[in-house]
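Topology and contacts: notes
Spelled out from the first residue to the last, the chains are:
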2 protein chains.
Amino acid sequence: MGQGTGKRRTREEILELSVPLFAEFGYYDVSMRDVAAACGLTPAAIYYHFSDKDHLYLEVVAHEFREKSAALLIDLNDSDAPWVRLEKFVTNLAHLAAKDEVFLRLIQWVRLDSEEKRQQKLAAHVLKDLFLVVHRLVTGLDCRCDPYLLSMSIVSLVLIPFEGRQIRKFMPGYRPEHDQPDVLARHVINLLRLGACQHHPAGE
Amino acid sequence: MGQGTGKRRTREEILELSVPLFAEFGYYDVSMRDVAAACGLTPAAIYYHFSDKDHLYLEVVAHEFREKSAALLIDLNDSDAPWVRLEKFVTNLAHLAAKDEVFLRLIQWVRLDSEEKRQQKLAAHVLKDLFLVVHRLVTGLDCRCDPYLLSMSIVSLVLIPFEGRQIRKFMPGYRPEHDQPDVLARHVINLLRLGACQHHPAGE
DNA sequence: GTCTATAGACGGATAGAC
DNA sequence: GTCTATCCGTCTATAGAC
């Protein structure tokens, strides 16, 4: 192997080791020194691979999304009925959110980004694909709702309970089972199918 | 009026002028110099009123929540039917979220806070009250759902579409009307009452 | 490719004059 | 109460040796 391969490998290692840092602390509260230390390198070495902090951050987020969002499409067969596919997707998303706090927090940081340009890039190149998957699932449902609003609702219903995991423990009515992805997925699916109240006492 | 009143007034002015700063940029990316400049003071003057940056931030968030969360209880009469009260609350929350980006972003910063102690304080003393209001509304609904999960769902459904306002514009299917609080509130209420699909073609 | 060393700006916080 | 002046640490980024 030539040097080119080694260079690429180091670059990827920097990305992978930076992901949890930026996920936990966000852009401003992670210094290039922190990144370098996590990689066992010096700051100067990081600058050899990435022109500046902004480019590093953008690539970190994009890298994490490429890695993780594939898991959401597992088990989604075109042969399944629309509601079955949606249920599988919701369950997959809940499991990803429950397991992967890193992925979840990166989405939050993107939503909060105070630099407009950077946020636009991330929205258009990174988040859009995830949203598109949901949008396609929803349009197959023969729904009364606006597909766009419904897509947004589905993502919100699944992700936000896990985003606020720490906070949620302090809210009245909390029980540990609320942290289980299958419990939340079931709740969301029921809500989407029937609403919050029981209309058919005989059915289901 | 004595000096004590003047001191309290300055202190409150600092709080009010700091709110939009911390809301937009978060804890780490707002310096005491920024706060001082926004108030027309020097950093040393800020330290006369607040012992350190952390205390200032905590009081800023608490102050904003005291100011704004009262608006959510407008029009909520005990004489109304449970579903009417919920609809009013959802509408109020949607309007607050649509109008008041400052309030909305502060909630996001609290959820993302990487300092556990600070986050716990804010969750227990600031967010809890808001959640309690929803929880009480929900328990009056005679619902099939877990009240805790349903409360979380309601808050998510209303707030998150406005939190991601900038991002949402880049997602497929977006139309400007999706930004109107009444449109979203209607969508959420319909979802809660009936689910995403139409079960009663003859009714409603 | 990675290092040491450093420039230059900015951060939180304090001392002491007024 | 608010100021000026300052301490001291950390930040991004670069220059140049190896």
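Residues numbered from 1 in each chain as written. Chains lettered and ligands numbered in written order. Predicted model: local features only at pLDDT ≥ 70, side-chain atom pairs only at ≥ 80, totals over all residues. Heavy atoms only, no water.

Labelled according to an unreviewed UniProt entry, chain A appears under the name HTH tetR-type domain-containing protein, originating from Desulfofustis limnaeus.

For the rest of this paragraph, the subject is the overall build of chain A. Within chain A one finds 10 helices and zero strands. Put simply, chain A runs from its N terminus to its C terminus through helices and strands in the order α-α-α-α-α-α-α-α-α-α. By its C-alpha atoms, chain A is 70 × 40 × 35 Å across when sized along the principal axes. The buried share of chain A, taken over its 204 residues, is 50%. For chain A, contacts bridging at least 24 residues in sequence account for 62% of all contacts bridging at least 6. With the model as given, the accessible surface of chain A reaches about 9600 Å², and the carbon-plus-sulfur share is 52%. (Helix = DSSP H or I, 4+ residues; strand = E, 2+ residues; numbered from the N terminus. Buried < 20%, exposed > 50% of the residue type's maximum accessible area, 1.4 Å probe, protein only. Contact = heavy atoms within 4.5 Å. Areas by Shrake-Rupley, 256 points an atom, 1.4 Å probe, with all protein chains shown as cover.)

Here the focus is the pattern of salt bridges. Scanning all chains against the criterion turns up 28 salt bridges over all chains. In this structure, D78 of chain A and R85 of chain A form a salt bridge, with 3.4 Å as the shortest nitrogen-oxygen distance. For D78 of chain A, a relative accessible area of 69% gives the class exposed. Bridged by salt links that share partners, the residues R111 and E163 of chain A together with R111 and E163 of chain B form one connected network. (Salt bridge = Lys/Arg side-chain N within 4 Å of Asp/Glu carboxyl O.)

With 63 residues of chain A at the contact, the number on the chain B side is 63 residues. With both sides pooled, the region where chain A packs onto chain B buries about 5900 Å², and carbon together with sulfur makes up 67% of that total. Considering only the side of chain A, the residues that lose the most area to chain B are L112, R144 and Y148 of chain A, jointly responsible for 13% of the buried surface there. At the boundary of chain A with chain B, the tally comes to four salt bridges. A salt bridge links R111 of chain A to E163 of chain B; the nearest nitrogen and oxygen atoms lie 3.1 Å apart. The interface formed by chain A and chain B contains 17 residue pairs in polar contact (both at pLDDT 80 or more). For the side of chain A that touches chain B, the element with the most residues is helix α8 (residues 147–163) of chain A, which contributes 10 residues. Broken down by class, the residue content of the side of chain A that touches chain B amounts to 32 nonpolar, 17 polar and 14 charged. (Buried area = accessible area lost by both parts, 1.4 Å probe. Polar contact = N/O pair within 3.5 Å; in protein donor to acceptor, adjacent residues only side chain to side chain. Nonpolar A, V, L, I, M, F, W, Y, C, P; charged D, E, K, R; others polar.)

Below, the discussion takes up helix α6 (residues 101–112) of chain B. All names here are of chain B. Between its first and last C-alpha atoms α6 spans 17 Å; for 12 residues at 1.5 Å apiece the expected length is 16 Å, and the two agree. With 10 of its 12 residues buried, α6 lies for the most part within the structure. Turning to α6, its buried residues are F103, L104, R105, L106, I107, Q108, W109, V110, R111 and L112. (Expected span 1.5 Å × (residues − 1).)

Below, the discussion takes up the relation of the copies chain A and chain B. Its rotation angle being 180°, the transformation that places chain A on chain B also includes 0.0 Å of axial translation and leaves an RMSD of 0.0 Å. Within this description, the copies of the chain are treated as partners about a two-fold rotation axis. Ranked by how close their C-alpha atoms come to the rotation axis, the residues of chain A are headed by G195 of chain A, at 1.9 Å. When the interface residues of chain A are mapped onto chain B, 100% of them are again interface residues, pointing to one common binding face. (Least-squares fit on C-alpha atoms with pLDDT ≥ 70 in both.)

Between two packed helices, both the angle of their axes relative to each other and the distance between the axes serve to describe the pair. Residue and element names in this part refer to chain A. As a packed pair, helix α5 (residues 82–99) and α8 sit with axes 9 Å apart at the nearest point and diverge in direction by 25°. When the axes of α5 and α8 are compared, the pair comes out roughly parallel. The element α5 and its partner α8 pack so that their crossing is right-handed. Within the contact between the two elements, α5 uses L86, V90, L93, A94, A97 and A98 and α8 uses I154, V158, L159 and F162. (Axes fitted to C-alpha atoms, helices over the stretch in contact; angles between N-to-C directions. Parallel < 35°, antiparallel > 145°, perpendicular 65-115°, else oblique. Left-handed = near helix turned anticlockwise from the far one by under 90°.)

UniProt feature "domain: HTH tetR-type" (unreviewed entry): in the numbering of this structure it lies at residues 8–68 of chain A. Here residues 8–68 of chain A is 80% helix and 0% strand, with 21 Å between the C-alpha atoms at its ends. (UniProt positions renumbered as here; feature names shortened; annotations may be inferred.)

Below, the discussion takes up the domain arrangement of chain A. As a measure of interface size, the accessible area lost when the parts come together is often cited. All names here are of chain A. Per the domain assignment, the segments of chain A are domain 1 (3–61) and domain 2 (66–194). For domain 1 and domain 2, the distance between their C-alpha centres works out to 28 Å. Of the residues lining the interface, 13 residues belong to domain 1; the matching set on domain 2 comes to 12 residues. Contact between domain 1 and domain 2 buries roughly 1200 Å² in total, counting both sides, with carbon and sulfur atoms accounting for 64%. Ranking the residues of domain 1 by area buried against domain 2 places A23, L58 and V61 at the top, with a combined share of 43%. At the junction of domain 1 and domain 2, the tally comes to one salt bridge. (Domains from an automatic or database assignment.)

On to the UniProt feature "DNA-binding region" (unreviewed entry) in chain A. Per the UniProt entry, the sites bearing "DNA-binding region" (unreviewed entry) are residues 31–50 of chain A in this numbering. As annotated, residues 31–50 of chain A has a helix share of 75% and a strand share of 0%, and its two end C-alpha atoms lie 14 Å apart.

The next thing to look at is unusual backbone geometry. Despite not being glycine, D75 of chain A has its phi angle at roughly 75°, a positive value. In this fold, D75 of chain A is placed in the loop between α4 (53–68) and α5.

With respect to the secondary-structure elements, R168 of chain B resides in helix α9 (residues 165–168). You can call R168 of chain B buried: its relative accessible area is 2%. Of note is the side chain of R168 of chain B, whose polar atom sits 2.2 Å from the backbone oxygen of P161 of chain B. In terms of polar contacts, R168 of chain B uses its side chain to reach the side chain of D179 of chain B, at 2.4 Å. Not counting the four nearest positions on each side in its chain, R168 of chain B is found in contact with Y148 and M152 of chain A together with P161, F162, Y174, H178 and D179 of chain B.

Position of R111 of chain A relative to the elements: it lies in helix α6 (residues 101–112). Setting aside residues up to four positions removed in sequence, R111 of chain A forms contacts with Q119 and E163 of chain A together with R105, Q108, R111, I160, E163, G164 and I167 of chain B.

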